[in-house]
Structures are given as structure tokens and as C-alpha cells.
Amino acid sequence: RGLVAPGPSLIRNALAFIDGDAEPTLALPTALAGTPREAEAEPLIVEALEMDRRLFPGDHPNTAHALYTLAGLRLRLGRVADAVPVAAECVAMQRRLQSGAHIPLAMSLVLLGRARQSQKDWAGSMPAFDEGVTMLRRLMPDGSPQLARSLWQWGSARLESGDAPGAQSSHQRGIVHH
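Because the structure is predicted, anything quoted here is derived from the model rather than measured.

Caption draft 1: Expanded view of the overall build of the protein chain. A tally of regular secondary structure across the protein chain gives nine helices and zero strands. Along the protein chain, from the amino end to the carboxyl end, the secondary structure elements read α-α-α-α-α-α-α-α-α. Burial analysis of the protein chain (178 residues in total) assigns 42% to the buried set. Taking the contacts inside the protein chain whose residues are at least 6 apart along the sequence as the reference set, 55% of them involve residues at least 24 apart. For the protein chain, the exposed area adds up to about 9,300 Å²; of that, 56% sits on carbon and sulfur atoms.

So this is what it looks like as C-alpha cells:
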């Protein structure tokens, strides 16, 4: 996969956004995801998050998305202690932005569950997974890769926490959905 280098088009996109002509983008950090240069994305994500906070005071979907992206990156990089509070902030903001069940909240809950699972915090991990996966099962169609992946992650957390019967059930549902 080719990498995107910051240059005139990225700067034009940023300026267009500031002028109100475009949506903010995390294209460059996303392009770095899964590559050996993934760690280079963090300062860019932090900068995007800070810009969102300046442009959109208070709660805003763009800010919540940047929080989700930053928490996910930190988790993938093994910086769990840094990922958990960002994921928790993302969940709290998603709850304030929209009441009831919605996919961004569900995905944020699953991410928080994964982060707390990495800390072996079962009291925090399992409720986040349970709520997030339950929402996803209501909101996503059968066969959705996101749903299948979330069910598999939930099952892995249950197995690791000592809940083997729950893990088997979750893994089977994940396979069926994928």
C-alpha cells in the first residue's frame, strides 16, 4: 500500500475545511494504519483532535471520531494506559451527542472493552463489551464484518476472563455472522 505524504493537497483539504467547504479528514493517519510507520500517525491525530476542539467547542461528532481514532491507535501500539482514558472520553461524548443506541457509540464501547481487556480489567471490560455488542447486534445486519469481529473480540475477552461457556457462544455467533 502506498503512503500518502503531507503536501499541497493535504494543506488544501485542511484550508477548504476551515473555509467550510469540506469535512475534516484523518486520511493521512488512516493511510499509515497497519504499516510500519503507524506510530507516525499519532501526532497527526492529536493535531486533528486539537483542531476539532478549537473549531467545535463542546461535544461534536468530529471530535468523538478523532478520540476513537486516537484510542484505537494507542491500543494497537500497545499503549493501553494511554488508550483507556481516551476511549472512555469517546464513549462519554458519544452518549452526550445522541441518546439511545447508535453505531458510533456501540463501536466506541467495544473499543473501550478491548482496551480494558488489555489491562485485565474485567469489571470494566465486560460491561462495555456487553453493551456495545448488544447494540451492534440490533443495529447491524447479519453478515456484517464489524459485527462478526466485535463478537469474536467479545468472546476472546470472555474466554480470557474465565467465562468459557460465554466465550464459546460469542465465538460461534461471530462465525455465523461472518
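Having seen it, we continue.
Caption draft 2: The packing of aromatic side chains, seen in detail. Here the structure, examined in full by the defined rule, presents zero aromatic pairs. Lying over the aromatic face of W154, R158 brings its terminal NZ or CZ to 4.9 Å of the ring centre.

Caption draft 3: Quick look at the packing of helix α4 (residues 61-76) against helix α5 (residues 80-97). At a minimum axis separation of 8 Å, α4 and α5 run at an interaxial angle of 155°. Between α4 and α5, the angle is such that the two are roughly antiparallel. For the pair α4 and α5, the crossing hand works out as left-handed. Contacts between α4 and α5 involve P61, T63, A64, L67, Y68, L70, A71, R74 and L75 on the former and, on the latter, V80, D82, A83, V86, A87, E89, C90, M93, Q94 and L97. Residue composition of the contact of α4 with α5, grouped by class: 14 nonpolar, two polar and three charged.

Caption draft 4: How the structure looks around helix α7 (residues 122-139). With 18 residues, α7 should reach 26 Å at 1.5 Å per residue; the first-to-last C-alpha distance of 25 Å fits that figure. Those residues of α7 that sit buried are G124, S125, M126, A128, F129, G132, V133, M135 and L136. Turning to α7, the residues buried within the fold contact α6 (103-118) and α8 (145-161).

Caption draft 5: α6, seen in detail. Here α6 is 16 residues long and its end C-alpha atoms lie 23 Å apart, about the 22 Å a rise of 1.5 Å per residue gives. Every buried residue belonging to α6 is among L105, A106, M107, S108, L109, V110, L111, L112, G113, A115 and Q117, and all of these are buried. Buried residues along α6 sit against α4, α5, α7 and α8.

Caption draft 6: The arrangement of the side chain of E38 in detail. Structurally, E38 is set in the loop between α2 (27-32) and α3 (41-55). A distance of 2.7 Å separates a polar atom in the side chain of E38 from a polar atom in the side chain of R76. Once residues within four sequence positions are removed from consideration, E38 is found in contact with L32, A33, L73, R76 and L77.

Caption draft 7: Seen up close, the pattern of salt bridges. One pass over the full model with this rule turns up 10 salt bridges. Across the pair E89 and R53 runs a salt bridge whose closest N-O atoms are separated by 2.3 Å. A residue pair is termed long-range when its members are at least 10 positions apart, and E89 in helix α5 and R53 in helix α3 qualify at 36 residues. Residue classification places E89 among the partly exposed positions, given a relative accessible area of 34%. One continuous salt-bridge network, built from bridges that share partners, spans E42, R74, R79 and D82.

About the thresholds
- Residues numbered from 1 in each chain as written.
- Predicted model: local features only at pLDDT ≥ 70, side-chain atom pairs only at ≥ 80, totals over all residues.
- Heavy atoms only, no water.
- Helix = DSSP H or I, 4+ residues; strand = E, 2+ residues; numbered from the N terminus.
- Buried < 20%, exposed > 50% of the residue type's maximum accessible area, 1.4 Å probe, protein only.
- Contact = heavy atoms within 4.5 Å.
- Areas by Shrake-Rupley, 256 points an atom, 1.4 Å probe, with all protein chains shown as cover.
- Phe/Tyr/Trp six-rings, centres within 6.5 Å; stacked < 30°, edge-to-face > 60°.
- Lys NZ or Arg CZ within 6 Å of the ring centre and 35° of its normal.
- Axes fitted to C-alpha atoms, helices over the stretch in contact; angles between N-to-C directions.
- Parallel < 35°, antiparallel > 145°, perpendicular 65-115°, else oblique.
- Left-handed = near helix turned anticlockwise from the far one by under 90°.
- Nonpolar A, V, L, I, M, F, W, Y, C, P; charged D, E, K, R; others polar.
- Expected span 1.5 Å × (residues − 1).
- Polar contact = N/O pair within 3.5 Å; in protein donor to acceptor, adjacent residues only side chain to side chain.
- Salt bridge = Lys/Arg side-chain N within 4 Å of Asp/Glu carboxyl O.

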